[in-house]
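Structure at a glance
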Amino acid sequence: MTETTDDDLLEHNARYAAAFDRPDLPGPPRLARAVVACMDARLDVAAALGLDLGAAHVIRNAGGIVTDDVIRSLCLSQRALGTREIVLVHHTRCGVEGLDDEAFASAVEADVGQRPPWRFGGFADVEDDVRRSAQLLRDSPFVPHTDHIRGFVYDVDTGRLHEVDA
């Protein structure tokens, strides 16, 4: 496996920019859809969902969990940029699955001298967490369009999505 340095990133960007032919893309996503997904490097959200540039907002974090910042982003996505659908994508073998929030926070505190002000979002069951995430969105007064929320678990071994009754 080849490591990428910052200079490599700039070289890749120069090639990307030289061939860039989409300067006229509007800010609002074409499909009026927002995706909340895990940051896991094994999950290529655009490829897995068939999304091209400009199709959807993609919000990623550890575990794909619904945090205050995810709600903030969805509030802007819906109220300012017209999205109406939300897709949740968690995945198998997630590093947050089974994580003990308290123990991890204590370990971080022991290392850096202060306790993190946020939860890490550990969960016991990926499908249950998809359901919990959908419910958090439905309960939020800041996310007005919650009638089209679908949840999925992406299998990192097969690339397939499994829909969860959210």
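The structure we're discussing is the one just above.
Presented here is a report on the structure given in the accompanying data block. None of the values given here were measured: they were computed from a predicted structure.

Residue placement: G64 occurs in the loop between strand 2 (56-61) and helix 3 (68-79). Taking the C-alpha atoms as reference points, G64 and R79, 15 residues apart in sequence, are found 21 Å from one another. When neighbours within four sequence positions are excluded, G64 is seen to be in contact with V36, A37, C38, H90 and S133.

What follows is about the pattern of salt bridges. In the structure shown here, the tally under the stated rule is twelve salt bridges. Between R131 and D128 there is a salt bridge; the shortest N-O distance is 2.9 Å. A residue pair is termed a helical-turn pair when its members lie 3 or 4 positions apart in one helix, as R131 and D128 do in helix 5 (residues 126-139) at three residues. When its relative accessible area of 32% is taken as the criterion, R131 is described as partly exposed. The residue E163 makes a salt bridge to R150 at a minimum N-O spacing of 2.7 Å. Separated by 13 residues along the polypeptide, E163 in strand 5 (residues 161-164) and R150 in strand 4 (residues 149-154) bring together distant segments of the chain.

The next point concerns the side chain of N61. Considering the arrangement of structural elements, one finds N61 in strand 2. Looking at N61, the relative accessible area reads 17%, which means it is buried. Among the polar contacts made by the side chain of N61, one reaches the main-chain amide nitrogen of G64 at a distance of 3.0 Å. With sequence-adjacent residues up to four places away left out, N61 is seen in contact with A37, C38, M39, T67 and V70.

Right, let's get into the environment of G159. With respect to the helices and strands, the residue G159 is situated in the loop between strand 4 and strand 5. Separated by 68 residues in sequence, G159 and H91 have C-alpha atoms that sit 9.7 Å apart.

Okay, the pairing of strand 5 next. Note that strand 4 and strand 5 share four bridges and pair antiparallel. Residue V153 lies in a different strand from strand 5, and its bridge partner there is H162. Between strand 4 and strand 5, which pair antiparallel in sequence order, lie six residues; one of them, G159, sits at a positive phi of approximately 85°.

Counted according to the given criterion, the structure contains three aromatic pairs. Between Y16 and F20, the ring centres sit 5.6 Å apart and the planes meet at 50°, which makes this aromatic pair tilted. For F20, a relative accessible area of 36% puts it in the partly exposed group. Geometrically, the ring pair formed by F104 and F120 is edge-to-face, given 4.7 Å between the ring centres and 85° between the ring planes. Residue F104 is found in helix 4 (residues 101-112), and its partner F120 is found in the loop between helix 4 and helix 5; the two are separated by 16 residues along the sequence.

Another point: helix 4. With twelve residues, helix 4 extends 16 Å between its outermost C-alpha atoms, agreeing within 8% with the 16 Å of an ideal straight helix rising 1.5 Å per residue. Capping the start of helix 4, D100 holds a side-chain oxygen 3.0 Å from the backbone nitrogen of E102, two or three residues further along. Of the residues one or two after helix 4, G113 is the one with positive phi, at around 90°.

Rules of the game
Residues numbered from 1 in each chain as written. Predicted model: local features only at pLDDT ≥ 70, side-chain atom pairs only at ≥ 80, totals over all residues. Heavy atoms only, no water. Helix = DSSP H or I, 4+ residues; strand = E, 2+ residues; numbered from the N terminus. Contact = heavy atoms within 4.5 Å. Salt bridge = Lys/Arg side-chain N within 4 Å of Asp/Glu carboxyl O. Buried < 20%, exposed > 50% of the residue type's maximum accessible area, 1.4 Å probe, protein only. Polar contact = N/O pair within 3.5 Å; in protein donor to acceptor, adjacent residues only side chain to side chain. Pairing = 2+ DSSP bridges. Phe/Tyr/Trp six-rings, centres within 6.5 Å; stacked < 30°, edge-to-face > 60°. Expected span 1.5 Å × (residues − 1).

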